[in-house]
Amino acid sequence: MGEVSFYKTSYRTHMCGLLAESDVGTAVTVCGWVSARRDLGGVLFLHLRDRTGIIQVVANAESNAGVFESADKARNEYVLRVEGEVIMRSLETVNEAIPTGTIEIYASSITILDTSLTPPIYVDDDDTANESLRLEYRFLDLRKPGMQSKLMLRSQMARLTRDYFSDNGFIEIETPYMTKPTPEGARDFLVPSRMQKGSFFALAQSPQLFKQTLMVAGLDRYFQIARCFRDEDLRVDRQPEFTQIDIEMSFVDENDVIAINEPFIRELFRQGAGFEVGEIPRMAYTEAMERFGSDKPDLRFGLELVDLTDIVANSSFNVYANAAKTGSVRALCAKGANSILSRRDLDSLVEFVKPYGAKGLAWFQVEEDEVKSPVSKFLTENEMQAILQRTGAEPSDIIFTVADSDSIVFASLGALRLKLANALNLYEGAERYKLVWITDFPMFEYDEKEDRWDAMHHPFTSPKDECMQYLKSDPSKVFAKAYDIVANGVEIGGGSIRIHSKSVQNEVFSAIGLSEDEASEKFGFLLNALQYGAPPHGGIAYGFDRVIMILAETENIREVIAFPKTQNHACPFTKAPAPADELALSELAIELKPQEI
């Protein structure tokens, strides 16, 4: 077989953006969309765009009236086929804004392959159309060079993933999308069965139980770029259907899983962002919460939490003293904030922390001769001086404090820390990326509404060996063999060593309130597999969309997904979801109830 070039077809010989000065004098045929036109009266210039870039096309009425007539009919987003010769541009017409700016095609033939209505959005990276309109006309939005570069980055990183794990002995295996509904985690998307009326599949929230079963089956190393589905509220970094890089390994501990993944992470950032990730530090969950108020800390700037509990434990300010008995009093010292934040800004920050459970936010404006604060009158001079010394506060700084339960203090100050980082421009001059492994998570977290313990990650995570004794007596003392990888304050992956003993798995189910009968009903297939020689195993799953979002340096996950959903789970392009017809519902034995108003 002869050599096949990806761009050569019966319509074209070259791609627009790949032409170069070395092609001068060459007869070429290109296809693409008109992105701009300029008529100088007798000479018409068109910018022709395909996914590789833009080339300028010249049509001259004097030398070829037919070509000029075709060019004159072309409008933005018309699809053209252009034949001609690559020539150098004159020095005064060089366009340094595009890679092909020193050359152009002198057209000998222009064929209009299709016309276009006037686009409702500009096919340009500088377009300012609102997102709902962009998503409705996603096919136009995706013509933008910036959007196409993000999807090409996504494709490259998927290929890198397959190459890396295949080269390291992993087998790519597809697991079912339609599986059994489970009660844990987010809500399932349910799929009614036509063959077994009244029964439902669930779209898989993750391949978790299947990949564990593959380890029991002796496959040793598995990976998959998997589609997953969760019926949960959306955020800027979350979608109801998303893609996961999913891996699992047998006969490993936490260090083994991290060791195989760190080179992969380095390659992602090296090839995806041109950034060299050095040694990735590890930080225990408890340390992350104490220092940053978050288990996904952004390490690109300082602004760490400071514990003031011991200083104010006996204070006459009851808010501090009471919190010190059952929770803590912690602070953030915002350097130089006094000259940046107004009183109105400070009042808005009080409102900002309320959704995180904080009943208040006390601040101290540090000046040369005094400290201004609504609460300073309740503190002694010694207490105030101790606070200034502990926080390292200097004139022009502002100290912010929250006093409450640890969970509320961490949530409030962790969010405020990120808010202040933007307000004080702390990201300026910071490293592009800071990564960290968060380890040693608590196994359980207490749900006060349900009055029971829940698994912090999932109930298949193995407790640390030294904590097994507390499974029944005190779940709060149980820590897990779990680990997350965090980049710039975003969790891009998480995993754990799994439970491979049926008896231990039953103990964990019992700790979260599942009886043996309930566990057997819901997870009997896994428990059965664990009776037939399960190896120690563990793995990790990366949120592939989040990874690409980080590499592309965008804050909106919808920017790196071809056809994303909106906040209310809608697809503006296809208008999904939509009502099903009555025949389809009848075949599924489904009857819709009238909506309550």
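Just above, that's the structure.
Here is what the cut-offs are and how they apply
Residues numbered from 1 in each chain as written. Predicted model: local features only at pLDDT ≥ 70, side-chain atom pairs only at ≥ 80, totals over all residues. Heavy atoms only, no water. Pairing = 2+ DSSP bridges. Helix = DSSP H or I, 4+ residues; strand = E, 2+ residues; numbered from the N terminus. Axes fitted to C-alpha atoms, helices over the stretch in contact; angles between N-to-C directions. Contact = heavy atoms within 4.5 Å. Phe/Tyr/Trp six-rings, centres within 6.5 Å; stacked < 30°, edge-to-face > 60°. Parallel < 35°, antiparallel > 145°, perpendicular 65-115°, else oblique. Left-handed = near helix turned anticlockwise from the far one by under 90°. Nonpolar A, V, L, I, M, F, W, Y, C, P; charged D, E, K, R; others polar. Disulfide = S-S within 2.5 Å. Buried < 20%, exposed > 50% of the residue type's maximum accessible area, 1.4 Å probe, protein only. Salt bridge = Lys/Arg side-chain N within 4 Å of Asp/Glu carboxyl O.

Colleague: How should the sheet that holds strand β3 (residues 53-60) be read in this particular structure?
Modeller: Within a sheet, adjacent strands bond to each other through the backbone by hydrogen bonds, running parallel or antiparallel. Ordered by their spatial adjacency, 5 strands build a closed barrel running β1-β2-β3-β5-β4, and the pairing between neighbours is mixed. On average, each strand axis in the sheet is inclined to that of its neighbour by 55 degrees, with strand direction left out of account. Pairing between β3 and strand β5 (residues 103-114): 2 bridges, direction parallel. Paired with valine 58 across the two strands is tyrosine 106, which belongs to β5. Its contacts with the sheet put helix α1 (residues 65-73) on β1 (27-39), β2 (43-50), β3 and β5, and the angle it makes with β5 is roughly 65 degrees.

Colleague: I tried to follow the packing of aromatic side chains on my own but got confused; where do I start?
Modeller: Two aromatic rings, taken as a pair, are described by how far apart their centres are and by the angle between their planes. Taken as a whole and judged by the stated rule, the model has 22 aromatic pairs. Arranged with centres 4.8 Å apart and planes meeting at 55 degrees, the rings of phenylalanine 165 and phenylalanine 264 form a pair that is tilted. With phenylalanine 165 in helix α4 (residues 145-167) and phenylalanine 264 in helix α6 (residues 254-273), this residue pair connects regions lying 99 residues apart in the sequence. Grouped by ring-pair contacts, the aromatic residues Tyr164, Phe165, Phe170, Phe223, Phe264 and Tyr542 constitute a single cluster.

Colleague: I tried to follow the packing of α4 against helix α15 (residues 544-551) on my own but got confused; where do I start?
Modeller: Across the interface, α4 lies against α15 with an axial gap of 10 Å and an inter-helix angle of 120 degrees. It follows from the interaxial angle that α4 and α15 lie oblique. Judged by the twist between their axes, the crossing of α4 over α15 is right-handed. Only Phe544, Asp545, Ile548 and Leu551 of α15 make contact with α4, whose side of the interface consists of Lys150, Leu153, Arg154, Met157 and Ala158. Considering only residue class, the contact of α4 with α15 consists of 6 nonpolar, no polar and 3 charged.

Colleague: Help me understand the state of the cysteines in this model?
Modeller: One way to say it: the disulfide is the covalent bond shared by the sulfur atoms of two cysteines. Per the counting criterion, the structure on display carries 0 disulfides. The thiol of cysteine 31 is unpaired, and the distance to the nearest cysteine sulfur, on cysteine 16, comes to 7.9 Å. Here cysteine 31 falls in the buried class, since its relative accessible area comes to 12%.

Colleague: Before we go on, may I ask you to explain the sheet that holds strand β7 (residues 178-179) in this structure?
Modeller: Strand order in the open sheet formed by 3 strands is β7-β9-β8, with antiparallel pairing between adjacent strands. With one partner strand each, in any of the chains shown, β7 and β8 (190-192) form the two edges of the open sheet. Pairing between β8 and strand β9 (residues 200-203): 3 bridges, direction antiparallel. Note that in β9 the partner of valine 191 across the bridge is phenylalanine 201.

Colleague: I keep staring at the pattern of salt bridges and nothing clicks. Help me out?
Modeller: Where side chains of opposite charge bring their charged atoms close, a pairing between them can arise. Inspection of every chain in the model, using the stated rule, returns 42 salt bridges. One salt bridge in this structure joins arginine 390 and aspartate 310, with 3.0 Å as the shortest N-O distance. Placement of the pair is arginine 390 in helix α11 (residues 381-391) and aspartate 310 in helix α8 (residues 309-312), with a sequence separation of 80 residues. Residue arginine 390 is classed as partly exposed on the basis of its relative accessible area of 38%. Note on aspartate 310: relative accessible area 52%, which makes it exposed. Two residues, aspartate 465 and lysine 481, come together in a salt bridge whose shortest N-O distance is 3.0 Å. Of this pair, aspartate 465 sits in the loop between β20 (452-455) and β21 (482-487) while lysine 481 sits in the loop between β20 and β21; the two residues are 16 residues apart in sequence, bridging distant segments of the chain. Through salt bridges with shared partners, one network takes in Asp127, Arg134, Arg138, Asp141, Lys144 and Glu559.

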